[in-house]
Every structure is written in C-alpha cells, then in structure tokens.
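# Working through the structure, step by step
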Amino acid sequence: MEIGSSSDKIFKLYDQLELLEYQDKFVVKSLESPDQGFSISRREGNIETLSDASSSEKPSKTSAIYGVAGTIRLLAGTYLLVITSRKEVGSFLGFPVYRVESMKFLACNEALRFSNSQEKRDEAYFMTLLKTVEATPGLYYSYETDITLNLQRRCKLMEGWMSKPIWKQADPRFVWNKHLLEELIEYKLDEFIIPLLQGSFQMAQLELKNSPTTCTLLSRRCTRRLGTRMWRRGANLEGDTANFIETEQLLELEGFRCSLLQIRGSIPLLWEQIVDLSYKPRLRIINHEHTVYFFLKIQHFLFLSFSLNSGAYDLTLHFQLFIQPQVVERHFHDLFQRYGETIALDLTEKSYLARKSLNIQLQRLGVFTSTECIPLFAEDYGKFRTLWAEQGDEISLEYAGTHALKGDLVRYGKQTVAGLIKDGMSAVSRYYLNNFHDGIRQFHVFQDALDLVSGRYTVSRNNPSPFQLNSFESFSYLPVASALLVGGLTLTTFTIQQAGRSAQHYVSSVFWAGVTAGVMALVKANGRQFCSRPRLCGLL
C-alpha cells in the first residue's frame, strides 16, 4: 500500500512529433522543441541528430506522428517504426496511458535495387512480416511514466529514479520493442524513445458507498519467450516460459494505493505440442539433459498444481520454492528473486482471488465493514467483473488469436447459451489458426514476425536464406489433398447409390471408397506436413 506520491522530477517524452519526408531522408522532430529531432537516410538508414541534418529544401510531405517505436535492419536497408494513431485509455498512478491504434514502417531501403534476386525475394518476405507487426494488438505506453514496473517495485526505487529516461526506468522483460530501440539508444535520443508494453489495460470508476474509487487492471506480457499458442510452449533452457503474464490490480482511494500481483505462465519444462491437424495435438516432453530428473521441495505454500490439460500454472501472493535442477530451478529462482515469497495456485478463475483481495483492502481502508463485500454492490461488481472479462479476452487474442473461453463465467458468474455458442466459434477458430495460420502464411504472419522484431532471429547477408531451407509449402499440397477427399467422398456417395444396379457400380464404389480412405490415412499420418509452420527459429 502506498500513501501519496513522489515529488521527484519527472522525465517526459515528446508527445507531439512531426514527420518530414524528403527525397533522400525522413526527419522526425518535436513540435514543442523544433530544434530537437533526428533524420534517417532513405538509402543507407544512417541516423543523424537534427543539428547535424538541417535542410533548407521543402519536404514532399509533412504529417503528425505520436512516437517512434524503433528501427530494424534487414538485408537491404533500415525500417523506421512510427506510431501514427493513438487513443488515451486511462491513467496509471495519475499519468495518462495510451493504446497504439496504428503503426507504420518507413522503408529506408533504396539500396535494394543493388541486391541480387534471392535477397530481393527474402527482403519481400521480411517486409511481409513487418506488415504483420504494424497490426500488433494490445500495445500501451505513457509519455510521462514507465508502466512496465508494478507498484511494489516502484516503492523500492531510489530517490530520483523517475528523472531518468523512461527506457532506463523500464523492466526489460516487458518492453515489447526492446530490440527495436537499440539504435535510438545508441544515438542518445532519450526524449524520443518509447518503451511499448504488450498486454491489457482496463480501468473503471467505482462509487462504493459514495467513496469514489479507481480500479485499474494492467497486464504485462513478458517478451523473453514471445510467441503464438502452439509454437511457444513450456520453457526455454534459461527457464523463461511462454505466455508469461504479470497482472496488477491497482486500487486508488483518497490518496491510498493498494496493489495485488498475479503471475502466470506455461509449465516450466521443455515440451512441445506441434499442430498436426488433430483437434488436440499430443503433448511431448522434449528429451534433453536439463529435463531428465528433477527434485521438487516446496515450503510455505497453499497449493501448487501443474495442469497438463491447460498447459499453464498460476502463481499468486506468497511462496518459496527450492527446485532442482536447471530449467525448473532457473525459472522459479528468477521469480523468487523478483517477487519474494509467493503462494502457488492453479486458478481456473483468477478474478476470484482478485475479488477476495479487493474486499480485504476496502475493509482495511474503512470503506467496507467486516461483513460487507463487493458483490453486495451490483453496479460496481458488474464493472469489476467486466474488467477481468475484457482483460482475459485481450490477452487471449494476443496469444491464441480468439477471445478467452468461458468468459461469461467471469462476466456473469455462470455459463450462458450465448457464451457456449461463442466458445464453440472460438474453439473452431483456434483449430484453424493453430493449424494453418500461426506460421508463415500467404497474407499474414505471426510467429516469424515476433521472432524477427524481438531479435530472436537476426537478419544477416552471411546466413543462408531461411526461406530456402524448407522447400515444402504446406498450402501447395493442402488444396490437392482437400480436393481429393471431397471428390472421393462425392464419387463414393454417388456410386453407392448406383451400386445395386450393376457389378461395375459396386466395384467403382469400393474403388473410390478405398481412394478416399487412403487419402485420409495419408493426411492423418503426415498431419504436421500439411500445417503452417514458422521458418525463422526453432521451438527452444
């Protein structure tokens, strides 16, 4: 709990920027301080500060932008990512928070015309990945404060910490564009460097017994093992888990601030669940020296459960884990160092504990009596449930591509017919996305794009083309197999209807039934080969 706020000098980013487009360069400068800015060459992608890049010529185009999210170098040039649209969604500790509505990569790749044909093809693929990055959902930021640090950690910071550049304040685990910011950091463009957080930001104003209260729900998605649902499972060799989320529930009332942290992630073992056209692919532990045997000793805990069905765990409040060895140990040792003693829980509805915590906090602040609780206030309780339901949907869309399943249990406290229909549609969508959409796709890319912008894959002219390593194109074979199945079923059905008329029709029925069964067996046996797969990086 915190009372009041710090009086430290606050570092503030430029929030009104102008983009000037010249024939040979792009110029980004602040409207508040027109002498502050930088230019980037459209040919080599070299960056210069504005004082060194002054120009008397008139720009071909001038537009307003709301931030620079970083740069990335590919085979033939550099690409500058700028925020072209934003929306204010609330405030965190009194500072405005914005959601990125749209972004755009500006190409500084005029040297592309000097590349060979293979490099041009590869650059086109990489540019397709960047197009997908432009549509990344759930990106949040603030010009005046760092939103990657939770309240508990902020209370432990030294005096003067908030006067540092915001990128220096940030927790690097939760900076989505950390890799993209490296070149801007090198040129010391601190006032232009915006750390973006991927996750969810929800805010509600409650009127509890005429006590205006602000309830904020902020989820931070870790970038150490970033990826889509079926292509990033379990942990890597460093103990970083897939879909690791830190969710902070912040309560603000009459100068008091209370915070509850919940963290969750994939099971911290080396395991995979490769898509193979089946609805629920088989889970397989990866044979590796780091996962042969381990001993688990737990002290001071309520309950710990690894659910292989859900492929996830939840950790909340106070726990102490001593685990041997290696992958599991590294994972929980890191959590212990950051969060201290914690209770480990397997929660099917994380909002349950959040509600219990909210009741206790409001009782201690004197808003509730010892017998009162949030469900007694229907309107405010509805807002609280909506916060958690929308948070679950947003995080699920980022990781799985669909809304969260059983969201009506959180929103309404019961399963509804509409909720069952929505869950059914989400299940079908997840099957399609998992099998045909998460790898390299004709129009959109998920996993490869994330590996590229996070720096997990490094583009280099010295490396072989990643798009030549696997000549098998899933979508070039899947339509043929689908056509054979549909055609075989159609002809089998037609010939069966005619089978009683002659022996020839009977033989035809048997033949086409055999062809259909053979194609089905072939597809089933080679299911993984028909599914879309990422190309840039392996599973670990």
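Anything mentioned here points back to the structure above.
These notes cover the structure that comes with them. This one's a predicted model, so the numbers in the text were calculated from it and none came from an experiment. (Residues numbered from 1 in each chain as written. Predicted model: local features only at pLDDT ≥ 70, side-chain atom pairs only at ≥ 80, totals over all residues. Heavy atoms only, no water.)

Its identity is not glycine, yet L93 carries a phi of approximately 55°, on the positive side. Structurally, the position occupied by L93 is in the loop between β8 (78-92) and β9 (95-108). Look at L93 and you get buried, because its relative accessible area is 9%. Its identity is not glycine, yet N210 carries a phi of approximately 60°, on the positive side. One can find N210 in the loop between β11 (197-208) and β12 (211-221). Classification of N210 as exposed rests on a relative accessible area of 73%. (Helix = DSSP H or I, 4+ residues; strand = E, 2+ residues; numbered from the N terminus. Buried < 20%, exposed > 50% of the residue type's maximum accessible area, 1.4 Å probe, protein only.)

All right, on to the side chain of T136 then. Note that T136 resides in the loop between α1 (117-134) and β10 (139-141). T136 gets classed as buried once you look at its relative accessible area, which sits at 14%. Within the structure, T136 has its side chain in polar contact with the backbone oxygen of V133 (distance 2.6 Å). (Polar contact = N/O pair within 3.5 Å; in protein donor to acceptor, adjacent residues only side chain to side chain.)

Among the secondary structure elements, S396 is positioned in helix α7 (residues 378-399). Here the alpha-carbon distance between S396 and N243, two residues 153 residues apart in the chain, equals 9.8 Å.

Now for the pairing of strand β13 (residues 245-253). Counting buried residues in β13 gives nine out of nine residues, a clear majority hidden from the surface. Inspection of the sheet shows β13 paired to strand β14 (residues 256-266) by nine bridges, in the antiparallel sense. Along β14, the bridge assignment pairs Q249 with L260. Following β13, the chain reverses through two residues before pairing antiparallel with β14; E254 in that reversal takes a positive phi of roughly 50°. (Pairing = 2+ DSSP bridges.)

Let's shift gears to the pairing of β12. The element β12 is extensively covered by neighbouring structure, given that 10 of its 11 residues are classed as buried. Where β11 folds back onto β12 in an antiparallel hairpin, the turn is made up of two residues, including K209, whose phi is positive at roughly 55°. Strand direction decides the pairing type here: β12 and β13, joined by eight bridges, are antiparallel. Counterpart to R220 in the pairing with β13 is E246.

Two orientations exist for strands paired in a sheet by backbone hydrogen bonds: parallel and antiparallel. Spatial strand order, β5-β4-β3-β2-β6: five strands in an open sheet with antiparallel pairing. Strands with a single pairing partner mark the edges of an open sheet, and in this sheet they are β5 (47-49) and β6 (61-65). On average, each strand axis in the sheet is tilted by 20° relative to the strand beside it, whichever way the strands run. Here strand β4 (residues 37-41) pairs with β5 via three bridges, running antiparallel. When the sheet's bridge partners are listed, I40 is paired in β5 with I47. (Axes fitted to C-alpha atoms, helices over the stretch in contact; angles between N-to-C directions.)

Our focus in this paragraph is the nonpolar core. Core analysis: the biggest nonpolar cluster contains 35 residues, and F126, W176, L196 and L452 have the highest contact counts within it. For this core, the secondary-structure elements that each account for two or more residues are β7 (68-73), β8, β9, α1, β10 and α10 (447-453). Composition of this core by domain shows at least three residues from each of domain 1 (8-139 + 149-157 + 164-195) and domain 2 (196-306 + 317-461). Other than its neighbours up to four places away in sequence, L452 contacts I72, L74, F126, L129, L130, H179, Y457, V459 and L536. If you look at the next biggest cluster of nonpolar residues, it comprises 21 residues, including Y14, F26, V28 and V82. (Core = buried A, V, L, I, M, F, W, Y, C linked by side-chain atoms within 4.5 Å. Domains from an automatic or database assignment. Contact = heavy atoms within 4.5 Å.)

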